[in-house]
Amino acid sequence: MAQRTVFPLLPNIADAQYIGIVQSLFAELHRSGGAVPFKTFRDWAKERNLYNKEEFEDLLNFLGCDRMQPPPGEVVIGDFGKRFLGTESVEGYQKLLYRWLHAWNPILVKAVCGQLDVESGGRLHSTHELYRYITSYAYPGAYVTLPSFQNWIKWMAASGHIKYIGIRWGLGELGKKELPALKNFDVDEFLEDEADAAAGPALPGGTPPATSPAPATRSDAGVKAAAGARDDNLDEDLPDEPPSAPIPEETLGRSAETVDDRSPATSQRPVATRAVPAASLTPAPSHAPPVMLTAAGPASPAWFPAGPVVDPASAAELGFTAVQYGESPSVFLFELAVAARFATSGIPGVTWRPLMQALRRERLLARYLSEDRPFEDVVEGATWLDADAGFRALFGWAALDVMRLRRLLRLHPALPTRLEELRPAETLMLAHDKLFAGTPTGAAFWLHRQMVLLELWDA
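Residues numbered from 1 in each chain as written. Predicted model: local features only at pLDDT ≥ 70, side-chain atom pairs only at ≥ 80, totals over all residues. Heavy atoms only, no water.

Another point: helix 6 (residues 106-115). Where burial is concerned, most of helix 6 is hidden: seven out of the 10 residues are buried. Residues of helix 6 that are buried: Pro106, Ile107, Leu108, Val109, Ala111, Val112 and Cys113. The elements touched by buried residues of helix 6 are helix 5 (90-104), helix 7 (127-134), helix 8 (146-158), strand 5 (168-171), helix 9 (173-184) and helix 10 (187-194). (Buried < 20%, exposed > 50% of the residue type's maximum accessible area, 1.4 Å probe, protein only. Helix = DSSP H or I, 4+ residues; strand = E, 2+ residues; numbered from the N terminus. Contact = heavy atoms within 4.5 Å.)

Structure, rendered in structure tokens:
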């Protein structure tokens, strides 16, 4: 049996609705006697916003529905569809879908579930972290493209065997029950038999679909070429995508007020404190040397006596949480980038931290990013900002950075996802270049460290 590497998407459908949609698709075929003219079935799918011209044939093949030849032919319900319609419980549907996914590509199922097995050294992973693993040299299976893997993840989530835990994937109860069988699955034996196996999956007692897309060939050269392409494209313009939804008002307001809500990574670490002499709101001179940061923080001040002082504040102390990132990555990154500029400006923390907390509590930055209104309209009516001369002066100093960051994130809402996908050094470089326009203040280092502490980026 060949490993399937092409996994289609159910367009315009959340993964929680996949079971119901698949059931309705099979029911329509069964209602018409098990075979429907392709054009008729295509029109049925279009009426329900389920038709994607590029992926519809792959979807039918993936679900085991034969396409009779010559074209346009008929769409015929297969063994998987008949078994699906004969199931009577949600858990039954989920188990059957999982068995179907496992039959198509058991190596992929074993690898991903193994990475999520926290009882045996695994951990929770994001989609991109899992994808980095299955495109590494440690993965023995055939190469799967990122879009197909993202689609496969949705099907696995629909099966109930994996689920979101916070903002990362973990095993569901059904998935945990499958671990013993997955651990006993012999990958080497499967690979030895693969050349002689059938092209499609077969459920016990059933027959495989007539056709299956040829799997992509995995080779070290191909993987290296893909990695090289990713490096070469690092400086290309970021793709435009629809903007992400703004963070809910009640969640943001509540978390911004909870200053001591630290992540596990920071709650066990004592926060360094030091006395900071009073200073004006004027930032460090632009000609000052850059602040060099190590993994643990800023380098010795003696190396760069003229450089700005990096504030010891952490993102968790300012009320940033990983949950907020999952709700609106763009808003989260916008606010944390502004905090990074403050933290590396040399301005005393007793001055800028209350302002940063107020900006988040009043949702001023979140509204500015999410609403189609100019800066002056969003700021208008912010009496709390006018009432404090220090706040007003400090906010004025940061205004240009705020406007530039907003423009960047609205033009490129995919930037947070892009930063997640890259290797740590690449992420740091891209954040330095895009978020902070290459300015040598150390802000990108501070932001990168906070994202690592919150377990949102790789170290």
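Next comes the rest of the description.
Notably, Arg363 is not glycine yet its phi reads approximately 60°, a positive angle. Looking at where Arg363 falls in the secondary structure, it is placed in the loop between helix 16 (349-361) and helix 17 (364-370). Given the relative accessible area of 11%, Arg363 is considered buried. In this structure, Glu455 takes a positive phi of about 60° despite not being glycine.

What follows is about the environment of Lys176. Inspection of the secondary structure puts Lys176 in helix 9. Separated by 60 residues in the primary sequence, Lys176 and Leu116 place their C-alpha atoms 9.5 Å from one another.

Turning our attention to the confidence of the model for the protein. Parts of the prediction with low pLDDT should not have their coordinates interpreted in detail. Of all residues in the protein, 75% have pLDDT values of 70 or greater, and the mean over the chain is 77. Helix 6 holds the highest mean pLDDT among the elements of the protein, 95, whereas strand 6 (residues 293-294) holds the lowest, 36. Here residues 204-307 scores under 50 on pLDDT; set against residues more than four positions off or in separate chains, the count is 167 contacts. (pLDDT = per-residue confidence, 0-100.)

Here the focus is the packing of aromatic side chains. For the coordinates displayed, the defined rule picks out 23 aromatic pairs. Linked through ring pairs, Phe26, Phe80, Phe84, Tyr93, Trp100 and Trp104 together constitute an aromatic cluster. When the ring centre of Trp104 is taken as origin, the NZ or CZ atom of Arg4, which lies over that ring, is 4.6 Å away. Over the aromatic face of Phe320 sits the side chain of Arg360, whose NZ or CZ is 3.8 Å from the ring centroid. (Phe/Tyr/Trp six-rings, centres within 6.5 Å; stacked < 30°, edge-to-face > 60°. Lys NZ or Arg CZ within 6 Å of the ring centre and 35° of its normal.)

So, about the packing of helix 15 (residues 329-343) against helix 20 (residues 389-411). Interhelical geometry of helix 15 versus helix 20 gives an angle of 145° and a closest axis separation of 10 Å. By crossing handedness, the relation of helix 15 to helix 20 is classed as right-handed. Contact with helix 15, carried on its side by Ser330, Leu333, Phe334, Ala337, Val338, Arg341 and Phe342, involves Leu394, Trp397, Ala398, Asp401, Val402, Leu405, Arg406 and Leu409 of helix 20 and no other residues of that element. (Axes fitted to C-alpha atoms, helices over the stretch in contact; angles between N-to-C directions. Left-handed = near helix turned anticlockwise from the far one by under 90°.)

Before going further, it helps to examine the pattern of salt bridges. One pass over the full model with this rule turns up 16 salt bridges. The shortest N-O distance in the salt bridge between Asp43 and Arg42 comes to 3.9 Å. Take Asp43: its relative accessible area is 34%, and that puts it in the partly exposed class. The partner of Arg168 in a salt bridge is Glu129, and the shortest N-O contact between them spans 3.5 Å. Of this pair, Arg168 sits in strand 5 while Glu129 sits in helix 7; the two residues are 39 residues apart in sequence, bridging distant segments of the chain. (Salt bridge = Lys/Arg side-chain N within 4 Å of Asp/Glu carboxyl O.)

Right, let's get into the sheet that holds strand 3 (residues 74-76). With respect to topology, three strands assemble into an open sheet ordered 1-3-2, the strand pairing being antiparallel. Pairing within the sheet leaves two strands with one partner each, and these edge strands are strand 1 (35-37) and strand 2 (66-67). Sheet analysis places strand 1 next to strand 3, joined by three bridges and oriented antiparallel. Considered in strand 3, the bridge of Ala35 is made with Val76. (Pairing = 2+ DSSP bridges.)

Moving on, we get to the environment of Arg423. Structurally, the position occupied by Arg423 is in the loop between helix 21 (415-421) and helix 22 (424-435). C-alpha separation for the pair Arg423 and Ala459, spaced 36 residues apart in sequence, amounts to 8.8 Å.

It is worth spelling out the packing of helix 1 (residues 18-31) against helix 8 at this point. One way to put it is that helix 1 packs onto helix 8 with a least axis distance of 9 Å and a crossing angle of 90°. Comparing the axis directions of helix 1 and helix 8 gives the class roughly perpendicular. In this structure, helix 1 uses Tyr18, Ile19 and Val22 to contact helix 8, whose residues at the interface are Lys154, Trp155 and Ala158. Of the residues belonging to the contact of helix 1 with helix 8, the class tally is five nonpolar, no polar and one charged. (Parallel < 35°, antiparallel > 145°, perpendicular 65-115°, else oblique. Nonpolar A, V, L, I, M, F, W, Y, C, P; charged D, E, K, R; others polar.)

Now for the nonpolar core. Among the nonpolar cores identified, the biggest contains 60 residues, and Phe26, Phe41, Leu63, Phe149, Trp152 and Trp155 are the most heavily contacted of them. Once residues within four sequence positions are removed from consideration, Leu63 is found in contact with Val22, Leu25, Phe26, Phe80, Trp100 and Trp155. Within the second largest apolar cluster, 56 residues are counted, among which are Leu369, Phe395, Ala398 and Leu422. (Core = buried A, V, L, I, M, F, W, Y, C linked by side-chain atoms within 4.5 Å.)

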